[in-house]
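Fold and contact review
Okay, here's what each chain looks like letter by letter:
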Amino acid sequence: MTEPSHLRETRTSYDTVAVDYAEIVRPAFESDLLGRAMLGAFAELVRSAGGGPVVGCGPGHVTAHLCSLGLTAFGVDLSPGMIEVARRDHPGLRFDIGTMTALEPADGELGGVVAWYSIIHTPPDALPAVFAEFHRVLAPGGHLLLGFHTGDERRRKNSGYGGHEMSLDVYLLPPDRIAELATCAGLVVHVRLIRQSENTRSPHACLLVRKPANS
Ligand SMILES: C[S@@+](CC[C@H](N)C(=O)[O-])C[C@H]1O[C@@H](n2cnc3c(N)ncnc32)[C@H](O)[C@@H]1O
């Protein structure tokens, strides 16, 4: 089967920026206290269930943070360059090359899934398949944490992270539509956090979603 072009563009772009992305994002993540608080709440909720993957893990800092909070988290990313940096910076943790549209775990295997600024490169018409995959891998009662930029717009990104050439789309997403997609996939939205960021024009959203215990 031919790979969708957005996956190819995302992989190539993040391969190009991986090393500098890690340098730039690490301190930003350290100072993102509200984002870390949401990840902390997620960790509290799924700790008894063991954990699960960070999909679109990038250079691995979110995975490492969840592991430091007691989860058996692992990272999955499309970009081999990102996975190489994640393994370099966090030896001993598990990082796999893969796509969130076809995750490795069996049906119902995972207590939690985190997609932290990683659904933002998926065209909206391809998002239902992503949410169906999240629903498939989550155990009944399992949790999904999503972070993304809000809006309703596609932006072309041609450079970034130290002036590297990139060529991919970034989607600003309406939280209501994301909540609707989660609901249509059989998940239940528990928490919606919308926060203004000092660094970007569009507010950021964080959704905490659960697969019903009886499903
Ligand atoms: C903006 S970065 C976010 C990385 C990291 N989660 C963070 O918070 O810094 C987006 C990441 O998602 C990955 N990604 C995008 N679409 C993906 C997909 N379908 N499957 C796996 N990874 C994906 C990209 O390769 C990239 O590393």
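Above this text is the structure in question.
Describing the nonpolar core
- Among the nonpolar cores identified, the biggest contains 31 residues, and Ile-119, Phe-131, Phe-134, Leu-144, Leu-146, Phe-148 and Ile-178 are the most heavily contacted of them.
- Elements with a contribution of two residues or more to this core: β2 (74–77), β4 (110–116), α5 (127–137), β5 (138–149), β7 (164–172), α6 (175–184) and β9 (204–210).
- When residues of this core are assigned to their parent elements, the largest contribution, 5 residues, is made by α5.
- Those residues in contact with Ile-178 that lie beyond four places of it in its chain are Ile-119, Leu-127, Phe-131, Leu-146, Phe-148, Leu-173 and Leu-207.

Here's the deal with the site of the ligand
- Around the ligand, 19 residues are found, and the nearest of them are Tyr-21, Gly-56, Asp-77, Met-100 and Trp-116.
- Measuring from a nitrogen atom of the ligand, one finds a backbone N or O atom of Gly-56 at 2.8 Å.
- Asp-77 is positioned with one of its side-chain polar atoms (N or O) 2.6 Å from an oxygen atom of the ligand.
- Coverage of the ligand by the protein chains reaches 97% of its 590 Å² of free accessible surface.
- In terms of residues, the shell around the ligand owes the most to one element, helix α1 (residues 5–30), which gives 5 residues.

Quick word on helix α2 (residues 33–46)
- The end-to-end C-alpha distance of α2, which contains 14 residues, comes to 20 Å, matching closely the 20 Å that a straight helix rising 1.5 Å per residue would cover.
- Of all the positions in α2, only Gly-35, Arg-36, Met-38, Leu-39, Gly-40, Phe-42, Ala-43 and Val-46 are classed as buried.
- Buried residues along α2 sit against α1, α3 (61–68), β4, β5, β8 (188–195) and β9.

Let's talk about unusual backbone geometry
- For Tyr-117, which is not glycine, the phi dihedral falls at a positive 60 degrees.
- You will see that Tyr-161, though not glycine, has its phi angle at about 55 degrees, which is positive.
- Along the chain, Tyr-161 falls in the loop between β6 (153–160) and β7.
- Residue Tyr-161 is classed as partly exposed on the basis of its relative accessible area of 24%.

A short note on the packing of aromatic side chains
- Per the counting criterion, the structure on display carries 4 aromatic pairs.
- With 5.5 Å between their ring centres and 85 degrees between their planes, Trp-116 and Tyr-117 make a pair best called edge-to-face.
- Pairwise contacts between aromatic rings join Tyr-14, Tyr-21 and Tyr-161 into one cluster.
- Here the basic side chain of Arg-94 rests over the ring of Phe-74, its NZ or CZ set 4.0 Å away from the ring centre.
- Positioned over the ring face of Tyr-161 is Lys-157, at 5.3 Å from the centre of the ring.

Observations regarding α5
- Every buried residue belonging to α5 is among Leu-127, Val-130, Phe-131, Glu-133, Phe-134 and Val-137, and all of these are buried. Take α5 and look down its axis: the buried residues cluster within an arc of 155 degrees, on one side only.
- Looking at the buried positions of α5, the neighbouring elements they touch are β1 (53–55), β4, β5 and α6.

Here's the deal with the environment of Asp-15
- With respect to the helices, strands and loops of the structure, Asp-15 is situated in helix α1.
- Its relative accessible area of 33% is what places Asp-15 among the partly exposed residues.
- Taking C-alpha positions, Asp-15 is 5.6 Å from Ser-79, a pair spaced 64 residues apart along the chain.
- Residues in contact with Asp-15, not counting those within four places in the same chain, are Ser-79, Pro-80, Gly-81 and Met-82.

Brief notes about the state of the cysteines
- Within this structure, the stated rule accounts for 0 disulfides.
- No disulfide involves Cys-67; its sulfur sits 11 Å from the nearest other cysteine sulfur, which is in Cys-57.

Topic: the side chain of His-90
- Within the element layout of this structure, His-90 appears in the loop between α4 (80–89) and β3 (95–97).
- Residues contacting His-90, with those up to four places away along its chain left out, are Pro-59, Gly-60, His-61, Ala-64 and Phe-95.

What counts as what
- Residues numbered from 1 in each chain as written.
- Predicted model: local features only at pLDDT ≥ 70, side-chain atom pairs only at ≥ 80, totals over all residues.
- Heavy atoms only, no water.
- Core = buried A, V, L, I, M, F, W, Y, C linked by side-chain atoms within 4.5 Å.
- Buried < 20%, exposed > 50% of the residue type's maximum accessible area, 1.4 Å probe, protein only.
- Helix = DSSP H or I, 4+ residues; strand = E, 2+ residues; numbered from the N terminus.
- Contact = heavy atoms within 4.5 Å.
- Near = heavy atom within 4 Å.
- Polar contact = N/O pair within 3.5 Å; in protein donor to acceptor, adjacent residues only side chain to side chain.
- Areas by Shrake-Rupley, 256 points an atom, 1.4 Å probe, with all protein chains shown as cover.
- Expected span 1.5 Å × (residues − 1).
- Phe/Tyr/Trp six-rings, centres within 6.5 Å; stacked < 30°, edge-to-face > 60°.
- Lys NZ or Arg CZ within 6 Å of the ring centre and 35° of its normal.
- Arc of directions from axis to C-beta.
- Disulfide = S-S within 2.5 Å.

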